[in-house]
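Read off the chains here:
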Amino acid sequence: MACHGVSKLHFSREEMKEIFREHDIDGDGYLSISELIKAMGFLGHSIPFYKAHYGMAYSDENGDGFISEDELDKLIDYVEKFQYNKR
Ligand SMILES: [Ca+2]
Ligand SMILES: [Ca+2]
């Protein structure tokens, strides 16, 4: 478990991609909602379930309920917006 001790406040898109990939816990190549919440926590956003859902809805273009590799870019757009809104 490496959920704590991240002091960095801003991640580059590449770093975020890497982090989201690492949080594909069951290794199916897609991020589920619970994997998304864990990844967001790792990025320093303890986000409520509904917020994670918005992120999911925002980035899940084909509506299968999972974030694929292709959809990661949109998810990162969402996370970046989130980072800016916070400050
Ligand atoms: Ca997965
Ligand atoms: Ca999808």
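Note that the coordinates shown come from a computational prediction; the quantities given were computed from them, not determined experimentally.

Peer 1: Please provide a residue-by-residue account of the UniProt feature "domain: EF-hand" (unreviewed entry) in the protein, values included.
Peer 2: Under the local residue numbering, the UniProt record ascribes the feature "domain: EF-hand" (unreviewed entry) to residues 11-46. The distance from the first to the last C-alpha atom of residues 11-46 is 16 Å, and the span holds 56% helix and 0% strand.

Peer 1: Tell me about the coordination of the calcium ion (ligand 1), residues and numbers included.
Peer 2: Asp24 (OD), Asp26 (OD), Asp28 (OD), Tyr30 (O), Glu35 (OE) and Glu35 (OE) make up the full set of protein donors to the calcium ion (ligand 1), lying at 2.2 to 2.6 Å. Taken together, the six donor atoms coordinating the calcium ion (ligand 1) span angles of 51 to 156° at the metal, a pattern that classifies the geometry as irregular. Summarised as a motif, the one-chain spacing of the donors to the calcium ion (ligand 1) is D-x1-D-x1-D-x1-Y-x4-E. A relative accessible area of 54% places Asp26 in the exposed class. The exposure class assigned to Tyr30 is partly exposed, which follows from its relative accessible area of 36%.

Peer 1: Break down the pattern of salt bridges for me, with residues and values.
Peer 2: Enumeration over the complete set of coordinates arrives at six salt bridges. With its nearest N and O atoms 3.7 Å apart, the salt bridge here joins Arg13 to Asp73. A residue pair is termed long-range when its members are at least 10 positions apart, and Arg13 in helix α1 (residues 13-22) and Asp73 in helix α4 (residues 72-86) qualify at 60 residues. Exposure remark for Asp73: the relative accessible area of 35% places this residue in the partly exposed category. Residue Glu18 is joined to Arg21 by a salt bridge in which the shortest nitrogen-to-oxygen separation is 3.6 Å. Of this pair, Glu18 and Arg21 both sit in helix α1, separated by three residues, roughly a single helical turn.

Peer 1: Break down the nonpolar core for me, citing the residues and quoting the values.
Peer 2: Residues Met16, Phe20, Leu36, Met40, Leu43 and Leu75 are the most contacted members of the largest nonpolar core, which totals 20 residues. When residues of this core are traced back to their parent elements, those giving at least two are α1, α2 (33-42), α3 (49-59) and α4. Element by element, the count of residues in this core is highest for α4, at six residues. For Leu43, the residues in contact, after removing those within four places along its chain, are Phe11, Met16, Ile19, Phe20 and Val79.

Peer 1: Please set out the coordination of the calcium ion (ligand 2) residue by residue, giving values where relevant.
Peer 2: A metal bound by six donors in octahedral fashion has ideal angles of 90 or 180 degrees, whereas one bound by four tetrahedral donors has an ideal angle of 109.5 degrees. Coordination sphere of the calcium ion (ligand 2), protein contribution only: Asp60 (OD), Asn62 (OD1), Asp64 (OD), Phe66 (O), Glu71 (OE) and Glu71 (OE), at 2.2 to 2.7 Å. Considering all six donor atoms around the calcium ion (ligand 2), the spread of angles at the metal, 51 to 157°, places the coordination shape in the irregular class. All donors to the calcium ion (ligand 2) come from one chain, and their sequence spacing reads D-x1-N-x1-D-x1-F-x4-E. The buried category is assigned to Asp60, whose relative accessible area is 11%.

Each value, and the rule that gives it
Residues numbered from 1 in each chain as written. Chains lettered and ligands numbered in written order. Predicted model: local features only at pLDDT ≥ 70, side-chain atom pairs only at ≥ 80, totals over all residues. Heavy atoms only, no water. UniProt positions renumbered as here; feature names shortened; annotations may be inferred. Helix = DSSP H or I, 4+ residues; strand = E, 2+ residues; numbered from the N terminus. Donors = N, O, S within 2.8 Å, 3.2 Å for Na, K, Ca; no water. Tetrahedral: all angles 85-135°; square planar, octahedral: opposite > 155°, others 65-115°. Buried < 20%, exposed > 50% of the residue type's maximum accessible area, 1.4 Å probe, protein only. Salt bridge = Lys/Arg side-chain N within 4 Å of Asp/Glu carboxyl O. Core = buried A, V, L, I, M, F, W, Y, C linked by side-chain atoms within 4.5 Å. Contact = heavy atoms within 4.5 Å.

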